[in-house]
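Coordinates in review
As a plain string of letters, each chain reads:
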Amino acid sequence: MSDIAKLQIGEKTYEFPLVKGTENETAIDIKALRGATDGVITIDPGYKNTGSCQSAITFLDGEQGILRYRGYSIEELAEKADFLEVAYLLIFGELPTKEQLDKFYADILDEAIVDDDIKKIIDAFPKNAHPMGVLSSLTSALTAFNPSSVNVDSEEDMYKAIVKIMGKFPVLVAWTLRKKQGLPLHYGSRKLGYVENILTMMFQKPNDEYDLNPIMINALDKLLILHADHEQNCSTSTVRIVGSSHAGLFASLSAGISALWGPLHGGANQAVLEMLEAIKEDGGDTKKYMGKAKDKEDPFRLMGFGHRVYKNFDPRAKIIKKAADEVLGDLGVEDPILDVAKGLEREALEDQYFVDRKLYPNVDFYSGIIYRAMGIPVEMFTVMFALGRLPGWIAQWREMRLRKEPIGRPRQVYVGENLREFVEIDKR
Ligand code: ACO
């Protein structure tokens, strides 16, 4: 293939260079388009054909169902690594040595204290506030308690901001849950590992010890790893675009959390469980809901199915389905909605509508079933997703700043009124 793309507009032909990725992805570099053509731009709502950046963090091939972080397969990482190692890998580009990982965690623990005044903000929220709204606000509030901006030319400054948020974010997540449950807030313990601390801060009762269950630690580690990054999805693009204005890391993350909340993105894990529950309550008639999902007059969609990029099995869904069986078995939990989910999956995979559109289960089809077996309330599911995605957002923000990317500012094709004269109010 030549390394030039030709574009003909009217009589004129323009040439644009092709950009190649390390996995042979090809893009047309149109940076010079508008200038060269006297104002012509491209339009691509939803950015289905638009690469917003060059990135060395995550590779995903939606046709073949491949996902890799920094070159390592998601299957191998989920099996062999823990979440903190994966976080280090995503952010800094290489798997840490034992010393690097120990130092990273010690630095995180030094920052795992949240200013006590944050409690006043939490107290002001009604108990029934959605945890994602609370988490996004609290993350934004961190900027008020940590006002200094990050000097991106200083490795040390960047590192400090990263360990700060890696330390404080799990505390905010746990406090969001405890506030909902009316429990006193918990600061965790320096003696525990990252994921152990999260579970303890979330679940320890004020009058009791908390017995850490290795099955729960392992399950949460795996879920967080599987959610840790997914290249330029809606929330990650939000973090990058907000950060591109040189807004701080915490402000950029807060925007990412809001983007993740929507049911077409991270909010799908809550929506899936609510859907499975509703189907079960309705007598478990999966055929009826398959019919609704295919009916274009009906707004119902099969939540947890379909993906913008995967047109094959989401590799994360395969790992999570297996883990759901194992975790529920190990915890001795029998959940009838697991059967509803499996029934729906079986039918969808054989149904022509889903086959034609290449709709497969995505990461969130089975994740909620595991979270529920772990005792995590449904409204917290997307918060758990945010906790997993944190290192990915940080890595993408860091990469964007280090590459000195310009401010994100798309153009538009204006389709409104042409110039018209103002009409006085009494004449309208
Ligand atoms: N149920 C029924 N039909 C669906 C579904 C679904 N879950 N998903 C897509 N379709 C259909 C669409 O109606 C459309 O049909 P048409 O061609 O006849 O008009 C076709 O499949 C293509 O769908 P689009 O919406 O154009 O695909 P897009 O890439 O824009 O959307 C999305 C992807 C948002 C994930 C979509 O599949 C969806 O809404 N799924 C359910 C929500 C969900 O699970 N989201 C989580 C995604 S994973 C994540 O963010 C972590």
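Residues numbered from 1 in each chain as written. Predicted model: local features only at pLDDT ≥ 70, side-chain atom pairs only at ≥ 80, totals over all residues. Heavy atoms only, no water.

Quick word on a nonpolar patch on the surface
To keep it simple, the criterion reads: Patches here: salt-bridge-free residues with over 30% relative accessible area, like charges joined within 9 Å, nonpolar side chains (Val, Leu, Ile, Met, Phe, Trp, Tyr) joined within 5 Å. Values of accessible area rely on a 1.4 Å probe in the Shrake-Rupley scheme; residue burial ignores everything except the protein chains shown. Only one rule defines a salt bridge in this text: a Lys or Arg side-chain nitrogen within 4 Å of an Asp or Glu carboxyl oxygen. Secondary structure follows DSSP: runs of H or I at least 4 residues long count as helices, runs of E at least 2 residues long count as strands, and numbering of each begins at the N terminus. Working definition: with a 1.4 Å probe on protein chains only, accessible area under 20% of the residue-type maximum means buried, over 50% means exposed, and in between means partly exposed.
On the surface, Leu7, Ile9 and Val40 cluster together into a nonpolar patch covering about 180 Å² of accessible area. Tracing the backbone through its elements, the reader meets Leu7 in strand E1 (residues 4-9). Owing to a relative accessible area of 31%, Leu7 belongs among the partly exposed residues under this scheme.

Brief notes about the sheet that holds E1
Heads up, the rule is: If DSSP finds at least two bridges between two strands, the strands pair. Convention adopted: a line fitted to C-alpha atoms gives each axis, helices being fitted over their contacting stretch, and angles between N-to-C directions are expressed from 0 to 180 degrees.
Pairing within the open sheet is antiparallel, and its three strands lie in the order E1-E2-E3. If you trace the sheet from one side to the other, it starts and ends with E1 and strand E3 (26-28), each paired once. When strand polarity is set aside, the average angle formed by the axes of neighbouring strands in this sheet is 30°. The pairing of E1 with strand E2 (residues 12-20) spans six bridges and is classified as antiparallel. The residue bridging Gln8 from the neighbouring strand is Thr13, located in E2.

Digging into helix H17 (residues 364-373)
Rule in force here: Should any heavy atoms of two residues lie within 4.5 Å, those residues are counted as being in contact.
Extensive coverage of H17 is indicated by the burial of nine of its 10 residues. Looking at H17, one finds that the buried residues are Asp364, Phe365, Tyr366, Ser367, Gly368, Ile369, Ile370, Tyr371 and Ala373. Against helix H9 (214-226), helix H12 (268-281), helix H14 (315-331), helix H15 (336-350) and helix H18 (381-402) lie the buried residues of H17. At the C-terminal side of H17, Gly375 shows a positive phi close to 90°.

Observations concerning the layout of surface pockets
Rule in force here: A 1.4 Å probe that fits into a set of points on a 1 Å grid over the protein atoms alone but cannot get out defines a cavity; an open set with protein on both sides within 12 Å along at least five of seven lines defines a pocket, and lining residues are those with an atom within 4 Å of a point. Grid points are joined across faces, edges and corners, and a volume is the space filled by probe spheres set on the points. Side-chain classes follow a simple rule in which Ala, Val, Leu, Ile, Met, Phe, Trp, Tyr, Cys and Pro form the nonpolar group, Asp, Glu, Lys and Arg form the charged group, and the remainder, Gly included, forms the polar group.
Space inside the second largest pocket adds up to approximately 320 Å³. What lines the second largest pocket is a set of 17 residues, among which Asn146, Ser148, Ser149, Val150 and Ala161 lie closest to the centre. For the lining of the second largest pocket, the secondary-structure elements that each account for two or more residues are helix H7 (155-181), helix H11 (249-261) and H18. The greatest single-element share of the lining of the second largest pocket, amounting to four residues, is contributed by H7. Class assignment of the residues belonging to the lining of the second largest pocket gives a composition of seven nonpolar, six polar and four charged.

Topic: the packing of H12 against H18
As a reminder, the rule being used: Should the near helix be turned counterclockwise from the far one by less than a right angle, the crossing is left-handed, whereas a clockwise turn marks it as right-handed.
Interhelical geometry of H12 versus H18 gives an angle of 150° and a closest axis separation of 7 Å. Taken as a pair, H12 and H18 cross one another with a handedness that is right-handed. Across from Asn269, Gln270 and Leu273 in H12, the residues of H18 making contact are Phe381, Thr382 and Phe385. When the residues that make up the contact of H12 with H18 are grouped by side-chain class, the tally is three nonpolar, three polar and no charged.

Overview of the packing of aromatic side chains
Aromatic ring pairs are reported here in terms of the distance separating the ring centres and the angle at which the planes meet. Threshold: Stacked, tilted and edge-to-face are the three classes assigned to paired rings of Phe, Tyr and Trp, where Trp is represented by its six-membered ring and a pair needs centres within 6.5 Å; plane angles under 30 degrees give stacked, over 60 edge-to-face, the rest tilted. Note on geometry: a ring has a charge over it if NZ (lysine) or CZ (arginine) is within 6 Å of the ring centre and within 35 degrees of the ring normal.
This structure, assessed with the given rule, holds 16 aromatic pairs. Between Tyr88 and Phe104 the ring centres are 5.4 Å apart and the planes differ by 80°, which places this aromatic pair in the edge-to-face class. With a gap of 16 residues between them, Tyr88 in helix H3 (residues 83-92) and Phe104 in helix H4 (residues 98-110) connect regions that are remote in the sequence. Judged by relative accessible area, which is 12%, Tyr88 ranks as buried. Site record: aromatic cluster; members linked through ring pairs are Phe305, Tyr353, Phe354, Phe365 and Tyr366. The ring of Tyr353 has Arg357 lying over it, and the distance from NZ or CZ to the ring centre is 3.8 Å.

A word on the UniProt feature "active site" (unreviewed entry) in the chain
Using the following cut-off: UniProt positions are given in the numbering used here, feature names are shortened, and annotations may be inferred rather than shown by experiment. Pairs of N or O atoms are called polar contacts if they sit within 3.5 Å, as long as, within protein, a hydrogen donor faces a hydrogen acceptor (for residues adjacent in sequence, only side-chain-to-side-chain pairs).
The sites that UniProt annotates as "active site" (unreviewed entry) are His307 and Asp364. Of the residues just listed, which span 58 residues, no C-alpha pair is farther apart than 10.6 Å, and they cluster in one region. Turning to its location among the elements, His307 is positioned in the loop between helix H13 (286-294) and H14. You can call His307 partly exposed: its relative accessible area is 24%. Under the relative-accessibility criterion, Asp364 is labelled buried at 3%. Of note is the side chain of Asp364, whose polar atom sits 3.5 Å from the side chain of His227.

Structural notes on the site of the ligand
Basically, it comes down to this: One heavy atom within 4 Å of a molecule or strand makes the whole residue count as near it.
Around the ligand lies a shell of 22 residues, among which Arg301, Leu302, Gly304, Arg308 and Tyr353 are the nearest. Lys296 is positioned such that a nitrogen or oxygen atom in its side chain is 2.9 Å from an oxygen atom of the ligand. Protein coverage of the free-state accessible area of the ligand, which is 920 Å², stands at 78%. Classifying every residue of the shell around the ligand by side-chain character gives 11 nonpolar, five polar and six charged.

Digging into the environment of Ile407
Position of Ile407 among the secondary structure elements: in the segment after H18. Residue Ile407 is classed as exposed on the basis of its relative accessible area of 56%. Distance from Ile407 to Asp221, taken between C-alpha atoms, is 35 Å for residues 186 residues apart in sequence. Excluding residues within four positions of it along the chain, Ile407 makes contact with Ser244 and Ser245.

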